[in-house]
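Chains, contacts and geometry: an overview
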Amino acid sequence: MKDVPAIGLLAVSDRASAGTYQDRGLPALRAWLNRALVGDWREASAIVPDEQPQIESALRRLCDEEGCGLVLTTGGTGPAPRDVTPEATRAVAGRELPGLAECMRAAGLRHTPTAALARQVAAIRNQSLIVNLPGNPKAIDENLAAVFPAIPYCLDLIGAARLETDPKVCTAFRPRHASTNRQR
Amino acid sequence: MKDVPAIGLLAVSDRASAGTYQDRGLPALRAWLNRALVGDWREASAIVPDEQPQIESALRRLCDEEGCGLVLTTGGTGPAPRDVTPEATRAVAGRELPGLAECMRAAGLRHTPTAALARQVAAIRNQSLIVNLPGNPKAIDENLAAVFPAIPYCLDLIGAARLETDPKVCTAFRPRHASTNRQR
Amino acid sequence: MKDVPAIGLLAVSDRASAGTYQDRGLPALRAWLNRALVGDWREASAIVPDEQPQIESALRRLCDEEGCGLVLTTGGTGPAPRDVTPEATRAVAGRELPGLAECMRAAGLRHTPTAALARQVAAIRNQSLIVNLPGNPKAIDENLAAVFPAIPYCLDLIGAARLETDPKVCTAFRPRHASTNRQR
């Protein structure tokens, strides 16, 4: 099973973590990936409260111990004081990809003006790409549809496991000159 | 009058501050709010030169002493050396809302290519949202039309006073599940 | 020749710098500027590997010694570990213009979803504007077409030499009130 790509799914929510609310983020992430990806993948997941140290620790575990090339988070990206997912992501990651966040917010704005309030980031930790997504299942779908076409090539560039997508759901774009192991 | 929401208006301009130029930013902000808002609100305003310490001090006063849940600035967001409003805003605020700034610049770009030069930010200081706007009255209107629909819900989320808008001018969007005091 | 504006062109590429690959970035930048600009300009250029200290040093030389009001870089803006052009640019510059980067990525996204992976920045070092561009000639053209209309006015505002463009190729926008030496 060594070659099966691992994908990390992290729900950030005080209420889901306490069990007082049925998390809807992880099922939405899982369903989207099952539709969009071709071939096996292994899920590593967690639910944590809106506490920065616990989010950071879960992200480090998913990236470093579980070997996830892609980690998707759901929840905790808004302006409320308890929303700290972007801060936790920045704290464990080395470099940001502002274009992925801009692209997700622009996609959200086509549906609802409050998408402008999302503070979500996408950032790289070594050979892992972490992408913050909203908590709402519909917004998750809109966001993933907008940015996932760029994600497999990003994973290639940072040395993570190769993902293949079903073009009926999501056409992953890889530049033609990148078909071998050349990177730029 | 305790329940009347306070809104801070801050003009940043060397010339307006020195009285050698009639500020047009504050009147444009005031006129837009008077058209868009339903119900009473109380204005707290100031005009300061393009000096970072004075801008910071005015922002702190409007947020902390005047209790403004929303503070709108006008001017000082361009690339010129004296333009320091974004730096002052960042210095007094805890977290940025990059989506509001992106959304305002995208709206400006539909009218003029130099909107890409705006360095404006939106950021939260405790229970206050600070939004930088340009100095030009026409650009102020374009920017507010683009982002104001998201602002009342943002104020709800950070614990500021509730604003109601006139849907003929601006439809404030609040997610249905947010109609009580639940936040996420 | 004192009055001829100087423009810096910097190719960042391990392979082009080692001579194992014919750089295509500088010729694309040069060709675009020759089409778009009216009047003489002087080129100062360099090719460096993807090493942050060498990029920083080249940027400082182009800005400070060559007196370039505008410096365009090509290459090194992606998510791969060797891509460090944005980090080098930030390290030598004082303030960023996020709107120019957002505008270039949005233009790229109209052609290819992986434009969202570009980490390019635009930033000011004293009286010089540094703009990161991708390595691909087609993407360079798309990016310059998107942001160049705002660049001459930006150079005016920071005190760099005036550029004039050919409106058949690129209409530089200067607000009417800015026709004299007034800046805001």
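Before reading on, note that the structure itself is shown above.
In this report, we go over the structure that sits alongside the text. Keep in mind it's a predicted model, so treat the numbers as computed, not measured.

Take the overall build of chain A next. Secondary structure summary: chain A contains seven helices and eight strands in total. In terms of overall size, chain A behaves like a compact globule, its C-alpha atoms giving a radius of gyration of 15 Å where 184 residues would be expected to give roughly 16 Å. Principal-axis analysis of the C-alpha atoms places the extent of chain A at approximately 45 × 35 × 30 Å. Buried positions account for 59% of the 184 residues belonging to chain A. Restricting to contacts in chain A with at least 6 residues of sequence separation, those with at least 24 account for 72%. As presented, chain A carries roughly 7,600 Å² of accessible surface, and 50% of it is formed by carbon and sulfur atoms. Distance between charge centroids for chain A: 5 Å, based on 22 positive and 20 negative side chains.

Right, let's get into the relation of the copies chain B and chain A. Superposing chain B onto chain A takes a rotation of 120° plus a shift of 0.0 Å along the axis, which leaves an RMSD of 0.0 Å. Both chain copies can therefore be described as sitting about a three-fold axis. Rotation axis and chain B: the residue whose C-alpha lies nearest the axis is E102 of chain B, separated from it by 4.4 Å. When the interface residues of chain B are mapped onto chain A, a mere 5% of them again lie at the interface, so each copy presents a different face.

This part is about the packing of helix α2 (residues 25–36) of chain B against helix α6 (residues 137–147) of chain B. Residues and elements named next belong to chain B. Between α2 and α6, whose axes approach to 9 Å, the crossing angle comes to 35°. Crossing angle aside, the handedness with which α2 passes α6 is right-handed. Of the residues in α6, those touching α2 at G25, A28, L29, W32 and R35 are P137, I140, D141, L144 and A145. When grouped by side-chain class, the residues that make up the contact of α2 with α6 number seven nonpolar, one polar and two charged.

Looking now at the sheet that holds strand β5 (residues 95–96) of chain B. Sheets are built from strands that pair by backbone hydrogen bonding, the pairs being arranged parallel or antiparallel. Residue and element names in this part refer to chain B. Within the open sheet, the six strands sit side by side as β3-β1-β4-β7-β6-β5. Their pairing is mixed. Two strands bound the open sheet, and with one partner strand each, they are β3 (42–48) and β5. In terms of strand pairing, strand β1 (residues 6–12) meets strand β4 (residues 70–74) through five bridges, oriented parallel. When the sheet's bridge partners are listed, A11 is paired in β4 with T74. Relative to β1, α2 is tilted by about 155°, and along the sheet it contacts β1, β3, β4 and β7 (128–133). Packing against the sheet, helix α7 (residues 151–158) makes contact with β4, β6 (122–125) and β7, and its axis sits at approximately 145° to β7.

Once that is clear, we can look at the sheet that holds strand β7 (residues 128–133) of chain C. Residue and element names in this part refer to chain C. If you walk across this open sheet you meet the six strands as β3-β1-β4-β7-β6-β5, and the pairing is mixed. In the strand order of this sheet, the two ends are held by β3 (42–48) and β5 (95–96), each with one partner. Relative to β3, strand β1 (residues 6–12) runs parallel, the two being bridged by seven bridges. Bridge assignment links L10 to a residue of β3, and that residue is A46. Running at roughly 155° to β1, helix α2 (residues 25–36) makes contact with β1, β3, β4 (70–74) and β7 of the sheet.

Right, let's get into the interface of chain B and chain A. Tallying the contact residues gives 19 residues for chain B and 21 residues for chain A. In total, chain B and chain A occlude about 1,600 Å² of area from one another, counting both sides; carbon and sulfur atoms represent 62% of this. Where chain B meets chain A, there are one salt bridge. Here chain B and chain A share four residue pairs in polar contact (both at pLDDT 80 or more) between them. Residue assignment for the side of chain B that touches chain A shows that the elements contributing at least two residues are β5, α5 (98–109) and α7 of chain B. For the side of chain B that touches chain A, the element with the highest residue contribution is α5 of chain B, accounting for five residues. Of the residues that constitute the side of chain B that touches chain A, the class distribution is 12 nonpolar, two polar and five charged.

Time to look at the pattern of salt bridges. Residue and element names in this part refer to chain C. Evaluation of the coordinates by the stated rule reveals 48 salt bridges over all chains. As a salt-bridge pair, E43 and R30 come within 2.7 Å of each other at their nearest N and O atoms. Of this pair, E43 sits in strand β3 while R30 sits in helix α2; the two residues are 13 residues apart in sequence, bridging distant segments of the chain. We classify E43 as partly exposed; its relative accessible area is 29%. Close ionic contact of R174 with E164 constitutes a salt bridge, the shortest N to O distance being 3.9 Å. Note that R174 is positioned in the segment after β8 (164–165) and E164 in strand β8, a separation of 10 residues in sequence. Under the relative-accessibility criterion, E164 is labelled partly exposed at 36%.

Residues and elements named next belong to chain A. A positive phi is found at N126, a non-glycine position, where the angle reads about 50°. Relative to the elements of secondary structure, N126 occurs in the loop between β6 (122–125) and β7 (128–133). Among the residues examined, N126 registers a relative accessible area of 63% and is labelled exposed.

This part is about helix α7 (residues 151–158) of chain A. Among the eight residues in α7 of chain A, seven count as buried, and that is most of the element. The elements touched by buried residues of α7 of chain A are β4 (70–74), β6, β7, α6 (137–147) and β8 (164–165) of chain A.

Listed by partner, the interface residues are 21 residues for chain C and 19 residues for chain A. Both sides of the chain C and chain A interface together cover about 1,600 Å² of buried area, and 62% of this is carbon and sulfur. Remark: the boundary between chain C and chain A carries one salt bridge. A salt bridge links R105 of chain C to E102 of chain A; its shortest N-O distance comes to 2.6 Å. For the interface between chain C and chain A, the tally reads four residue pairs in polar contact (both at pLDDT 80 or more). When residues of the side of chain C that touches chain A are assigned to their parent elements, the largest contribution, three residues, is made by helix α5 (residues 98–109) of chain C.

Now for the relation of the copies chain C and chain A. When chain C is brought onto chain A, the operation consists of a screw motion whose angular component is 120° and whose axial shift is 0.0 Å, with 0.0 Å RMSD remaining. Taken as a fraction of all interface residues of chain C, those also at the interface in chain A reach only 5%, which identifies the copy contact as different-surface.

A separate point is the environment of G108 of chain A. Residues and elements named next belong to chain A. Mapped onto the fold, G108 is located in helix α5 (residues 98–109). Sequence separation between G108 and A118 is 10 residues; the distance between their C-alpha atoms is 9.2 Å. Contact partners of G108, with chain neighbours within four places excluded, come to A115 and E142.

Turning our eyes to something else, we now look at the environment of D166 of chain B. Residues and elements named next belong to chain B. Structurally, D166 can be placed in the segment after β8 (164–165). Residue D166 is classed as buried on the basis of its relative accessible area of 18%. On a C-alpha basis, the gap between D166 and A36 in space is 5.4 Å, while along the polypeptide they are 130 residues apart. Contact partners of D166, with chain neighbours within four places excluded, come to R35, A36 and V38. Among the polar contacts listed, one links the side chain of D166 to the backbone nitrogen of K168, at a separation of 2.9 Å.

What counts, and at which threshold
Residues numbered from 1 in each chain as written. Chains lettered and ligands numbered in written order. Predicted model: local features only at pLDDT ≥ 70, side-chain atom pairs only at ≥ 80, totals over all residues. Heavy atoms only, no water. Helix = DSSP H or I, 4+ residues; strand = E, 2+ residues; numbered from the N terminus. Rg over C-alpha atoms; globule rule 2.2 N^0.38 Å. Buried < 20%, exposed > 50% of the residue type's maximum accessible area, 1.4 Å probe, protein only. Contact = heavy atoms within 4.5 Å. Areas by Shrake-Rupley, 256 points an atom, 1.4 Å probe, with all protein chains shown as cover. Lys, Arg positive; Asp, Glu negative; His and termini not counted. Charge placed at Lys NZ, Arg CZ, Asp CG, Glu CD. Least-squares fit on C-alpha atoms with pLDDT ≥ 70 in both. Axes fitted to C-alpha atoms, helices over the stretch in contact; angles between N-to-C directions. Left-handed = near helix turned anticlockwise from the far one by under 90°. Nonpolar A, V, L, I, M, F, W, Y, C, P; charged D, E, K, R; others polar. Pairing = 2+ DSSP bridges. Buried area = accessible area lost by both parts, 1.4 Å probe. Salt bridge = Lys/Arg side-chain N within 4 Å of Asp/Glu carboxyl O. Polar contact = N/O pair within 3.5 Å; in protein donor to acceptor, adjacent residues only side chain to side chain.

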